[in-house]
Amino acid sequence: MNLPSELLEPLNNQKRKIVFGINYSQETVKLGNERFTNLHWVELDKNKFKFDLSSKTLPIPLKDFDTAKGKLVAGINFGSFFLSDDIISPAVPFYNLLIDNGRVCQLPSNCRPALVTENGKLRELYVPAKGTLNIGGKTFTWTGSHGTTNSELAVFGMFDIDIIKTSVNGLTPRREMINETRFVTCTSSELLLAINLNDGRPEIVRISNQPVDLTQVAFVLRGSVNLLKMCQIGERVTNLEIEQCRLDQDCDACSASFSLGKTRDELVENLKQQLIYPKDSEPKPLSAGYLKSWSVVLETKDSVIFFINDARPKVRNQDGITVFELQDILRKKFEYLWACVGDSGQSSKLMVINGDTRDIYGNMHYKNYDGQIPVWNGLNGRPIPIALLAYE
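Below is a summary of the structure that appears in this document. (Residues numbered from 1 in each chain as written. Predicted model: local features only at pLDDT ≥ 70, side-chain atom pairs only at ≥ 80, totals over all residues. Heavy atoms only, no water.)

1. Digging into the packing of aromatic side chains
In this description, an aromatic ring pair is defined by two values, namely the gap between the centres and the angle between the planes.
Part 1 of the reasoning: This structure, assessed with the given rule, holds six aromatic pairs.
Part 2 of the reasoning: Measuring from centroid to centroid gives 6.2 Å for Tyr290 and Trp294, while their planes differ by 55°, and the two rings are tilted.
Part 3 of the reasoning: Overall, the relative accessible area of 1% leaves Trp294 in the buried class.
Part 4 of the reasoning: Within the aromatic cluster, the residues linked to one another by ring pairs are Trp41, Phe307 and Phe334.
Part 5 of the reasoning: The side chain of Lys138 reaches across the aromatic face of Phe140, ending 5.4 Å from its centre.
Part 6 of the reasoning: The ring of Phe324 carries Arg264 above its face, with NZ or CZ at 3.9 Å from the centroid. (Phe/Tyr/Trp six-rings, centres within 6.5 Å; stacked < 30°, edge-to-face > 60°. Buried < 20%, exposed > 50% of the residue type's maximum accessible area, 1.4 Å probe, protein only. Lys NZ or Arg CZ within 6 Å of the ring centre and 35° of its normal.)

2. Notes on the sheet that holds strand 27 (residues 350-354)
Part 1 of the reasoning: One open sheet accounts for five strands, arranged 4-31-5-27-28; its pairing is antiparallel. In this open sheet, the two edge strands, each paired with only one partner strand, are strand 4 (50-60) and strand 28 (357-361). Ignoring strand direction, the axes of neighbouring strands in this sheet form an average angle of 25°.
Part 2 of the reasoning: Across five bridges, the pairing between strand 5 (residues 72-77) and strand 31 (residues 384-391) is antiparallel. Bridge pairing in strand 31 links Ile76 to Leu388. (Pairing = 2+ DSSP bridges. Helix = DSSP H or I, 4+ residues; strand = E, 2+ residues; numbered from the N terminus. Axes fitted to C-alpha atoms, helices over the stretch in contact; angles between N-to-C directions.)

3. Some words on empty space enclosed by the protein
Part 1 of the reasoning: Considering all chains together, one arrives at one cavity of 30 Å³ or more under this definition.
Part 2 of the reasoning: Size it by volume and the largest cavity reaches roughly 50 Å³.
Part 3 of the reasoning: In this structure, the largest cavity is lined by Gly79, Ser80, Phe94, Tyr95, Asn96, Leu97, Arg112, Cys254, Ser255, Ala256 and Ile386. (1 Å grid on protein atoms, 1.4 Å probe; cavity = no way out; pocket = protein on both sides within 12 Å on 5 of 7 lines; lining within 4 Å. Points joined across faces, edges and corners; volume = space filled by probe spheres on them.)

4. Some remarks on the side chain of Arg382
Part 1 of the reasoning: Relative to the helices and strands, Arg382 resides in the loop between strand 30 (375-376) and strand 31.
Part 2 of the reasoning: One buried charged side chain, Arg382, makes no salt bridge at all; its nearest oppositely charged neighbour is Asp343, positioned 6.2 Å away.
Part 3 of the reasoning: A distance of 3.2 Å separates polar atoms of two side chains, one belonging to Arg382 and the other to Ser347. (Lys, Arg positive; Asp, Glu negative; His and termini not counted. Salt bridge = Lys/Arg side-chain N within 4 Å of Asp/Glu carboxyl O. Polar contact = N/O pair within 3.5 Å; in protein donor to acceptor, adjacent residues only side chain to side chain.)

5. Quick word on helix 2 (residues 264-274)
In an α-helix, one full turn covers 3.6 residues, which means residues spaced three or four apart are oriented alike.
Part 1 of the reasoning: Residues of helix 2 that are buried include every one of Leu267, Asn270, Leu271 and Gln274, and no others. Buried residues of helix 2, viewed axially, fall in a sector of 100°; they line one side.
Part 2 of the reasoning: Buried positions along helix 2 lie against strand 8 (112-118), strand 9 (121-127), strand 23 (258-259) and helix 3 (323-333). (Arc of directions from axis to C-beta. Contact = heavy atoms within 4.5 Å.)

6. Digging into the pattern of salt bridges
Part 1 of the reasoning: Scanning all chains against the criterion turns up 15 salt bridges.
Part 2 of the reasoning: The partner of Asp252 in a salt bridge is Lys69, with the nearest N and O atoms 3.8 Å apart. With Asp252 in strand 22 (residues 252-255) and Lys69 in the loop between strand 4 and strand 5, the pair connects residues that are 183 residues apart, well separated along the chain.
Part 3 of the reasoning: For Asp252, a relative accessible area of 5% corresponds to the buried category.
Part 4 of the reasoning: One salt-bridge network, held together by shared partners, links Asp52, Lys69 and Asp252.

Note that every value here comes from positions in space, so none of it alone points to a role or purpose.
Below, the structure written as structure tokens:
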């Protein structure tokens with residue numbers, strides 16, 4: 001079984017059938033110069049199994065996710081989320097678009113792909129960060145805070161908070177918020193609508209011309225006083241439409257980190273268009289030193305594939321792979337129609353149901369530092385708020 005280890009051990013390459021329509025595979029890939037990474041993936045017959053994006057406002061381990069829609073067979077982490085060592089629990093942890101059973105939990109900050117599950121079907125959707133929404137019977141146009149299109153409302157959320165890593169005297173790095181980025185401000189001719197979730201439904205909890213703390217709300221809408229002065233506390237955000245695509249009709253949706261594409265040039269373009277990064281710089285994954293474990297969801301002609309590669313941060317030759325190595329590995333193994341990176345780093349985990357056992361793969365070295373003494377917690381791993389589940 002998966003025992004905790006600070007080192008990554010090479011695998012016995014194998015492929016085995018879990019049940020009809022589900023195959024689990026594992027493999028060690030050597031990358032040269034003594035570098036290697038371990039791969040784990042499960043192939044699911046997309047005509048036999050159904051899919052469900054499951055979200056939690058309080059993150060939980062992947063192994064604890066379940067669905068009432070059918071018998072769970074597999075799961076993988078998906079979607080990036082708020083992660084800081086500051087003693088703050090944000091109202092919602094989601095970093096980009098999140099629709100839960102037709103309810104808007106977070107709006108997108110910038111244009112990027114998303115996965116959508118509806119009536120058990122899974123599809124990829126490119127989501128522009130602009131559209132319309134309804135408040136109190138009135139329709140408004142909106143744009144994500146990183147968008148370039150003029151609109152009546154600008155959207156701000158967790159994605160606007162900058163988090164940096166700091167290390168003091170060589171100790172374990174801490175993730176800390178840049179405090180100034182926590183607050184949304186407006187001019188004297190504008191108003192801020194602070195939106196929070198009430199029973200999972202987004203509604204106005206505050207109307208103000210003073211700064212609003214993003215860690216206290218789900219998201220913030222900013223617009224002119226003339227447009228928003230008739231809005232009232234308690235009114236709900238409904239009828240979300242993104243480029244004439246309605247996402248509030250009994251569906252779940254979650255932004256991916258980015259799309260892998262099928263060529264190096266396409267991947268570079270996707271990273272520059274779909275990630276948020278400072279002006280006059282480049283997205284971090286373009287760096288040859290940006291080595292990670294990655295979680296990816298792919299679709300082929302016959303299957304949906306949940307895929308991860310395992311890594312050990314700070315362990316020489318085992319500290320992960322670049323995004324270009326990831327693309328190269330997947331292109332050689334699968335003729336995919338699309339491939340979306342869900343997240344990277346120690347959140348990457350795969351769950352496969354084998355009889356009555358939930359087998360967990362990836363980042364089994366994970367340690368919990370909440371107590372005075374760090375303890376192994378690889379089976380639980382890092383709690384996550386979003387998982388893509390497969391069921392029958």
